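Inside the fold
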Amino acid sequence: VAKRLYRLVDLKRDGASSWETDLFDLQRRIPLGPYGYVSKIKEKLKAAHEELQGKGFLSGVLYEGKSGVVYEIAAAFRDRRKGLELAGTREDFIAIKLLTESGVRGDVARDLVAKHGPGTCTRYANALPHQQSLRNPAGWLRRAIEDGYEVQTGPPEQEAVPASEHLEETEDVRPVSSPPDPDRGAQDLFDFVLEDVSTEIDTPSFMAWFQGTVPVSFDGQTLTLSVPNAFAEEYIRTRFADKIEGALRRELGQEASLSLAIYG
């Protein structure tokens, strides 16, 4: 319950310091219950609230009116998250991909790239295969990036491959353009879909791969998402599109579909 509640609140608050909802709606979204009494819902949420406060995500939980609840996000968590925003470049996405393929957990990979930069993370990911007798390669990789290990990045005649060189040679590496404005109806539908697939797409993956993605239109059948670059488009299409389309079809019928467009 705590894990699902964390995902939902962090998604719905959209960077704000708090999020307010109705307890009966909340139990449907998690899901929890169904319970017909507010007191029972509060009882079932108590342990999750205590856990999220203990871990520093929530600073408080306030009940308002008959069934309202306000989740207040801890200032330290907000500051830490704000300081770890990705630029949304292809180098960011590629560095995260290299780290996760090396065994680093998704949320850790995202934060490492945001804090230390894609170049540093890519350098150490490329160096990993040349290290000897590592019992925990992912753990070593994380410590190497955080502590700035001096390492051999490859055979003497071979330098580490920069993140940009993992792209096709014909690709033009350009700054990311400003994202378009979201469409309100498309945004509401996208939020609902993400909640529906939250057990399949965890928060770290969402933060890493959907950052910069904007729901720009919904025509009653096709939901269109605008993404920052070709790499993000390919990764979302190959890893997540089937789950998103499955949720759309469960909600709207078998003709519903997903479309991706690049704005970068």
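Residues numbered from 1 in each chain as written. Predicted model: local features only at pLDDT ≥ 70, side-chain atom pairs only at ≥ 80, totals over all residues. Heavy atoms only, no water.

Focus: the pairing of strand β5 (residues 222-227)
Where we set the bar: Each residue is placed in one exposure class: buried if its accessible area under a 1.4 Å probe, protein chains only, is under 20% of its type's maximum, exposed if it is over 50%, and partly exposed if it falls in between. Here a helix means four or more residues in a row that DSSP labels H or I, a strand means two or more in a row labelled E, and each is numbered from the N terminus. Strands are treated as partners if at least two bridges between them are detected by DSSP.
Of all six residues making up β5, six are buried, and the element is well covered by its neighbours. Burial along β5 is two-sided: the face carrying Thr222, Thr224 and Ser226 and the face carrying Leu223, Leu225 and Val227 are both buried. Bridge count between strand β4 (residues 214-218) and β5: four bridges; the pairing is antiparallel. What sits directly across from Phe218, in β5, is Leu223.

Comments concerning the sheet that holds strand β6 (residues 257-262)
Inclusion rule: In this analysis an axis means a line fitted to C-alpha atoms, helices contributing only their contacting stretch, and an angle means the value between N-to-C directions, from 0 to 180 degrees. Any two residues whose heavy atoms approach within 4.5 Å at even a single point are treated as in contact.
Taking strand neighbours across the sheet as the criterion, the three strands line up as β4-β5-β6 in an open arrangement whose pairing is mixed. Both edges of this open sheet fall to β4 and β6, since each of them pairs with a single strand only. Strand-to-strand twist across the sheet, computed as the mean angle between neighbouring axes with direction ignored, equals 25 degrees. By the bridge criterion, six bridges tie β5 to β6 in an arrangement that is parallel. Across the sheet, Thr224 pairs through a bridge with Ser259, a residue of β6. The strands that helix α9 (residues 184-196) touches are β4 and β5; relative to β4, the one it contacts most, it runs at about 115 degrees. Its contacts with the sheet place helix α11 (residues 230-239) against β5 and β6, and it is angled at close to 165 degrees to β6.

What about the confidence of the model for the protein chain?
Worth spelling out the cut-off: On a scale of 0 to 100, pLDDT captures the predictor's confidence in every residue.
This prediction gives the protein chain a mean pLDDT of 82; 83% of its residues lie at or above 70. Across residues 156-161 the pLDDT falls below 50, and counting only partners more than four positions away or on other chains, this stretch makes seven contacts in the model.

Comments concerning the sheet that holds strand β3 (residues 68-73)
One open sheet accounts for three strands, arranged β1-β3-β2; its pairing is antiparallel. Bordering the open sheet on either side are β1 (18-22) and β2 (58-64), each of which pairs with just one other strand. Strand-to-strand twist of the sheet, defined as the mean angle between neighbouring strand axes without regard to direction, takes the value 15 degrees. In this sheet, β3 lies alongside β1 in antiparallel orientation, the contact comprising five bridges. Residue pairing in the sheet places Thr21 in a bridge with Val69 of β3. Against the sheet, helix α1 (residues 2-13) engages β1 and β3, with an angle of about 110 degrees to β1. The sheet contacts of helix α3 (residues 38-54) involve β2 and β3, and relative to β2 the element is tilted by about 155 degrees.

Overview of the packing of helix α6 (residues 106-116) against helix α7 (residues 118-127)
Note the cut-off: For classification purposes, an angle smaller than 35 degrees is called roughly parallel, one larger than 145 roughly antiparallel, one from 65 to 115 roughly perpendicular, and anything else oblique. Polar here means any residue outside two lists: the nonpolar Ala, Val, Leu, Ile, Met, Phe, Trp, Tyr, Cys and Pro, and the charged Asp, Glu, Lys and Arg; Gly therefore counts as polar.
Interhelical geometry of α6 versus α7 gives an angle of 125 degrees and a closest axis separation of 6 Å. If you check the angle between α6 and α7, you find them oblique. Here Leu112, Val113 and His116 of α6 come into contact with α7, specifically with Pro118, Thr120 and Cys121. Counted by class, the contact of α6 with α7 contains four nonpolar, two polar and no charged residues.

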